[in-house]
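Topology and contacts: notes
Each chain, written out:
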Amino acid sequence: MNEVGYFKQKIESFKPSYAPFVPFKVTFKLLTPIALSHPWLALDGIIAHLLLMSILGDDFFITPKKLNLFRYTSLPLPLKKTGGIYHASVSQFSPPSSLKLTYLYKRFEPDYTLSLRKKKVDIGRGHFRYFKLSRPYLPVAEVTFYGCGDIEFIEGLLEGLVGLGDEVRVGFGLIAHYTIEESGEDFSLVKDGVAMRPIPTSMCESYEMQMPLAYRPPYWDPQNVTLCVPPGARCALKKSLLP
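Residues numbered from 1 in each chain as written. Predicted model: local features only at pLDDT ≥ 70, side-chain atom pairs only at ≥ 80, totals over all residues. Heavy atoms only, no water.

**Regarding the environment of Leu99**
In plain terms, the rule: We count a stretch as a helix when DSSP gives it H or I for four or more residues in a row; a strand needs E for two or more, and each element gets its number in order from the N terminus. Contact definition: two residues touch when any of their heavy atoms are within 4.5 Å.
Tracing the backbone shows Leu99 in the loop between β5 (92-94) and β6 (100-106). Distance in space between the C-alpha atoms of Leu99 and Phe21 is 35 Å, their sequence separation being 78 residues. Residue contacts for Leu99: discarding those within four places in its chain leaves Pro136, Tyr137 and Leu138.

As structure tokens, then:
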């Protein structure tokens, strides 16, 4: 069995039985600022990541990183789907904040090196080279998402989440706790006439702006890019897509 076939078989062995989908709101309280390499986080991307980790176990860490497994098999997420997109908003940050910049430093650690055969370590190039990495971050206290799906199943997935955003391993975006609760209305696609996630323009009756954006997970795959209304722009869904 080839590599793709192995992971395809494991993913397709997952036979979900989701509870009826209901609108919900999930709020994460953060201990530390959140580092970002993109203007927002996507809830369906987070859930897809956690679901794959749950299904594959330790094998998740040997998946081919440049290969989109969703091209070869379907993995139904515990979220409602309309017109090719999941009912899952992007991150809403509170309090509103402008982007800040900090730096991460990589340095050679001389402790425990007495046994090295090589007594001179080149820190100007190669594996032990020093570097300084700039990292944008937002000093926010909480992050909120809206969705429509199986709340209990999603809550189980979120229990294994320790942080949000980039550079969690060095302390950014650590989660103090989170709450997930039913909401009276589904705000995962549009709220008060404003897009809450990238929405393909083909799904919209009207919109104020458009740009090429990924609209489904995995968001790093350029094949998932199409013309979309960006989050925060005014739009109206086609009447045929409304409940």
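Now that the structure is up, let's keep going.
**Quick notes on helix α2 (residues 43-56)**
An α-helical turn contains 3.6 residues, so a residue and the one three or four places further along point in the same direction. Put simply, the rule reads: Every helix has an expected span of 1.5 Å times one less than the residues it contains. Each residue gets one of three labels from its accessible area relative to the maximum for its type: buried under 20%, exposed over 50%, partly exposed in between, using a 1.4 Å probe on protein chains only.
In a regular helix each residue adds 1.5 Å, so 14 residues correspond to 20 Å; α2 covers 20 Å between its end C-alpha atoms and thus fits that length. In terms of residue burial, α2 counts as a mostly covered element, since ten of its 14 residues are buried. All of the buried residues in α2 are Leu43, Asp44, Ile46, Ile47, Ala48, Leu50, Leu51, Leu52, Ile55 and Leu56. Structurally, α2 contributes buried residues whose contacts are with α1 (3-12), β1 (22-30), β4 (85-86), β8 (142-149) and α3 (151-158). Two residues or fewer after α2 comes Gly57, characterised by a positive phi angle close to 60 degrees.

**Re α3**
What counts here: Each C-beta atom gives one direction from the helix axis, and the arc is the one those directions make. Here a polar contact is recorded for every N or O atom pair within 3.5 Å, except that within protein the pair must consist of a potential hydrogen donor and a potential acceptor, and residues adjacent in sequence are included only if both atoms are side-chain atoms.
By the burial criterion, the buried members of α3 are Ile151, Ile154, Leu157 and Leu158. End-on, the buried residues of α3 take up no more than an arc of 125 degrees, which puts them together on one face. On the buried face of α3, the contacting elements are β1, α2, β8 and β9 (175-182). Capping of α3 at its N-terminal end is provided by Asp150; its side-chain oxygen lies 3.3 Å from the backbone amide nitrogen of Glu152.

**A short note on the sheet that holds strand β12 (residues 199-200)**
Selection criterion: Strand pairing follows a simple DSSP-based rule, namely that at least 2 bridges must link the two strands.
Spatially, β12-β15-β14 is the arrangement adopted by the three strands of the open sheet, whose pairing is antiparallel. Pairing within the sheet leaves two strands with one partner each, and these edge strands are β12 and β14 (211-214). Sheet topology places β14 next to strand β15 (residues 225-229); four bridges connect them, and they run antiparallel. If you follow Ala214 over to β15, its bridge partner there is Val225.

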